[in-house]
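# Structural overview for review
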Amino acid sequence: MDKADRKSSARAPIKLGELNYTPVLIALAVVLLTIVVLFLWKRKKTVRSAVLFTGLCDSGKTYLFAHLCLGGARETFTSIKENVGSFKTERGRVLKMVDVPGNERLRGKFFDEYKNIAKAIVYMIDSVTVQKDIRDVADFLYTILVDKATSKVPVVVLCNKQDETLAKTETAIKSMLEKEINIVRQTRRSQLQSVDNSSSSDTFLGKSASVDFEFEQLGQRVRFVPCSAMEEQWAGLTKFLDTL
């Protein structure tokens, strides 16, 4: 009888209150902690903290960068690498500034390197030579605006050298760029079609090919601001930087 009782006792179900949940809770805690750490690491990695100075060579962006970040003019020349500095706004906030080389063979590489941390973009234009260089000016600006990494980032088109007699106004430059971007987007669309016989919305700006391009069609705000780096007239830029 005692033997039968022992067998019956061995088969008795275990009560929930008698289970040890400690290993399970520890495992869940480890999983949750891992998820949180990965989330924070990814968020930190992609945080947007830099203002990118972009534009063609000789637009004056490195000269202005030196004034803003180094407190005065420096002798400048065509950059072969990025310049990195900081600028303190009137509100006391310190912004990271990155001067991207304007050389045609380098600007794409360095823009790709920094575009994912871009908080804002300053696109500098030589208002005197813009008509002569309009194709290159429009093409590089198009590349910046159409890139998914920067398609929501605010852009200031800084029209430099407004102190010179032959300088185009920011209104005229905006109109010139809108007309030229119509050509650029059609050229790129045709190039894509010749490669894969299809068009891609990822490389198209504006509403549609049948509607002339205007900057107001974009989801991001693009501002045209006059500037004269030589005359230290860049209040429109610093006012914008103060809003970041």
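Residues numbered from 1 in each chain as written. Predicted model: local features only at pLDDT ≥ 70, side-chain atom pairs only at ≥ 80, totals over all residues. Heavy atoms only, no water.

To keep things clear, this is the line we draw: UniProt positions are given in the numbering used here, feature names are shortened, and annotations may be inferred rather than shown by experiment.
Under the annotation held in an unreviewed UniProt entry, the protein carries the name Signal recognition particle receptor subunit beta and is attributed to Anopheles arabiensis. One UniProt comment on the protein, placed under Subcellular location (unreviewed entry), says "Endoplasmic reticulum membrane". In UniProt, the protein has this text filed under Sequence similarities (unreviewed entry): "Belongs to the SRP receptor beta subunit family."

### Observations concerning the side chain of Arg185
Rules: The numbering of helices and of strands both runs from the N terminus, where a helix is a DSSP run of H or I of at least 4 residues and a strand a run of E of at least 2. Burial here depends on accessible area, computed with a 1.4 Å probe over protein chains only, as a share of the maximum for the residue type. Under 20% is buried, over 50% is exposed, and the range in between is partly exposed. Charge assignment in this entry is limited to Lys and Arg as positive and Asp and Glu as negative, and neither His nor the chain termini are counted. When a carboxyl oxygen of Asp or Glu is within 4 Å of a side-chain nitrogen of Lys or Arg, the pair counts as a salt bridge. Pairs of residues are marked as contacts when any of their non-hydrogen atoms sit within 4.5 Å.
Following the sequence through the fold, Arg185 ends up in helix α6 (residues 170-196). For the buried Arg185, which has no salt bridge, the nearest side chain bearing the opposite charge is Asp212, at an N-O separation of 5.4 Å. Contacts of Arg185, omitting those with residues within four sequence positions, involve Tyr142, Phe204, Leu205, Gly206, Ser208, Ala209, Val211, Asp212 and Phe213.

### Notes on helix α5 (residues 134-146)
The line we're drawing: Residue count minus one, scaled by 1.5 Å, sets the expected span of a helix.
With 13 residues, α5 should cover 18 Å at 1.5 Å per step; its first-to-last C-alpha distance of 18 Å lies within 8% of that length. Residues of α5 that are buried: Ile134, Val137, Ala138, Phe140, Leu141, Tyr142, Ile144, Leu145 and Val146.

### Here we look at the environment of Ser151
One can find Ser151 in the loop between α5 and β5 (155-160). Since its relative accessible area comes to 22%, Ser151 is described here as partly exposed. Along the chain, Ser151 and Arg221 lie 70 residues apart, while their C-alpha atoms are 9.7 Å from each other. Excluding residues that lie within four positions of it along the chain, Ser151 makes contacts with Leu145 and Gln220.

### Some thoughts on helix α4 (residues 107-114)
Put simply, the rule reads: Note that the arc is defined by the directions from the helix axis to the C-beta atoms.
Along α4, the residues that are buried comprise Arg107, Phe110, Phe111 and Tyr114. End-on view of α4: buried residues confined to an arc of 105°, all on one side of the axis. Elements that come into contact with the buried residues of α4 comprise β1 (50-55), β2 (83-88), β3 (94-99), β4 (118-126) and α5.

### Some details on the sheet that holds β4
To keep it simple, the criterion reads: At least two bridges found by DSSP between two strands is the condition for calling them paired. Helix axes are fitted only over the stretch in contact, all axes being lines through C-alpha atoms; the angle between N-to-C directions runs from 0 to 180 degrees.
Spatial strand order, β2-β3-β1-β4-β5-β6: six strands in an open sheet with mixed pairing. The sheet terminates laterally at β2 and β6 (222-226), the two strands that pair on one side only. For this sheet, the mean angle separating the axes of adjacent strands, direction not counted, is 25°. Relative to β4, β1 runs parallel, the two being bridged by six bridges. Counterpart to Thr54 in the pairing with β4 is Tyr123.

### Some points on the packing of aromatic side chains
Here is the rule: Any two of the Phe, Tyr and Trp rings considered here, Trp counted by its six-membered ring, make a pair once their centres fall within 6.5 Å; the pair's planes then place it as stacked at under 30 degrees, edge-to-face at over 60, or tilted in between.
In this structure the tally under the stated criterion is four aromatic pairs. Three or more aromatic residues joined by ring pairs make a cluster, and in this case those are Phe213, Phe215 and Phe224.

### What to know about the pattern of salt bridges
Overall, the coordinates contain nine salt bridges when judged by the stated rule. The salt bridge partner of Asp126 is Lys161, with a shortest N-O separation of 2.7 Å. Placement of Asp126 in strand β4 and of Lys161 in the loop between β5 and α6 is noted, with a sequence separation of 35 residues between them. The class for Asp126 is buried, based on a relative accessible area of 10%. Where Glu180 meets Arg135, a salt bridge forms, and the shortest distance between an N and an O atom there is 2.5 Å. Taken together, the positions of Glu180 in helix α6 and Arg135 in helix α5 put the pair 45 residues apart, joining distant regions of the chain. Take Arg135: its relative accessible area is 40%, and that puts it in the partly exposed class. Members of the salt-bridge network, linked through shared partners, are Asp112, Lys115 and Asp147.

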